[in-house]
Amino acid sequence: MSTATKTKHIGRNISRIRELKDMKQEALAQALGTSQQTISAIENSENIDEERLVEVAKALGVTTEAIKNFSEENMINYFNTFYDNSAKDGIFNSNHCTFNPLDKVVELYERLVQAEKEKLEYVEKILKDK
């Protein structure tokens, strides 16, 4: 068994951060002013130069250290530190609807139909008067 430490795969870290941010390669490429193929090559590279890393980090909205030190375990721990209290009576629950949105859609539709009927009656009246 080897006791050598495994080196970080910077490209894979970039890929995972991009995916966690729900960003496609094309979007990252556009932000960097390059092609999707270049992003693919970057994500397949174990190491990239520091200047390019700074550009990628800026486009992803993270620090270069976040890319270098990224790990799945750290992300799980990070997200597990959040507590979702939206189901309880808190400030997040005070923003719920007090009406049925479908009722509002139906009401709007009925008003639009009525307005069209009135227009039609007006046009028929004008044509009748001629």
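In what follows, the accompanying structure is described. (Residues numbered from 1 in each chain as written. Predicted model: local features only at pLDDT ≥ 70, side-chain atom pairs only at ≥ 80, totals over all residues. Heavy atoms only, no water.)

1. With respect to the overall build of the protein
Our working definition: In DSSP terms, a helix is any run of H or I states spanning at least four residues, a strand is any run of E spanning at least two, and both are numbered starting from the N terminus. Think of it in three bands: residues with accessible area under 20% of the maximum for their type are buried, residues over 50% are exposed, and the middle band is partly exposed, with areas taken using a 1.4 Å probe on protein chains only. The contact criterion used throughout is that any non-hydrogen atoms of two residues lie within 4.5 Å. Areas reported as accessible are Shrake-Rupley estimates using a 1.4 Å probe. Residue values count occlusion only from the protein chains shown.
Counting its secondary structure elements, the protein contains seven helices and zero strands. Reading the protein from its N terminus to its C terminus gives the helix and strand order α-α-α-α-α-α-α. Taking all 130 residues of the protein together, 18% fall into the buried category. Here the analysis covers contacts within the protein between residues at least 6 apart in sequence; of these, 63% occur between residues at least 24 apart. Accessible surface, the protein: about 10,700 Å² in total, of which carbon and sulfur atoms supply 54%.

2. Observations regarding the pattern of salt bridges
Two side chains carrying opposite charge are able to pair once their charged atoms lie near each other. Put simply, the rule reads: When a carboxyl oxygen of Asp or Glu is within 4 Å of a side-chain nitrogen of Lys or Arg, the pair counts as a salt bridge.
For the structure on display, the rule yields seven salt bridges. Its salt-bridge partner being Arg52, residue Glu55 comes within 3.4 Å of it at the nearest N-O pair. Remark: Arg52 and Glu55 occur in helix 4 (residues 50–60); sequence separation between them is three residues, near one turn of the helix. According to the relative accessible area criterion, Glu55 is partly exposed, its value standing at 32%. On the basis of relative accessible area, Arg52 is assigned to the partly exposed category, the value being 25%.

3. A word on a nonpolar patch on the surface
Selection criterion: Each patch is built from residues that are more than 30% exposed by relative accessible area and take part in no salt bridge. Like charges join if they lie within 9 Å; nonpolar side chains (Val, Leu, Ile, Met, Phe, Trp, Tyr) join within 5 Å.
Residues Tyr122, Val123, Ile126 and Leu127 make up a contiguous nonpolar surface patch of about 410 Å² in total accessible area. The residue Tyr122 is located in helix 7 (residues 101–129) in this model. Look at Tyr122 and you get exposed, because its relative accessible area is 55%.

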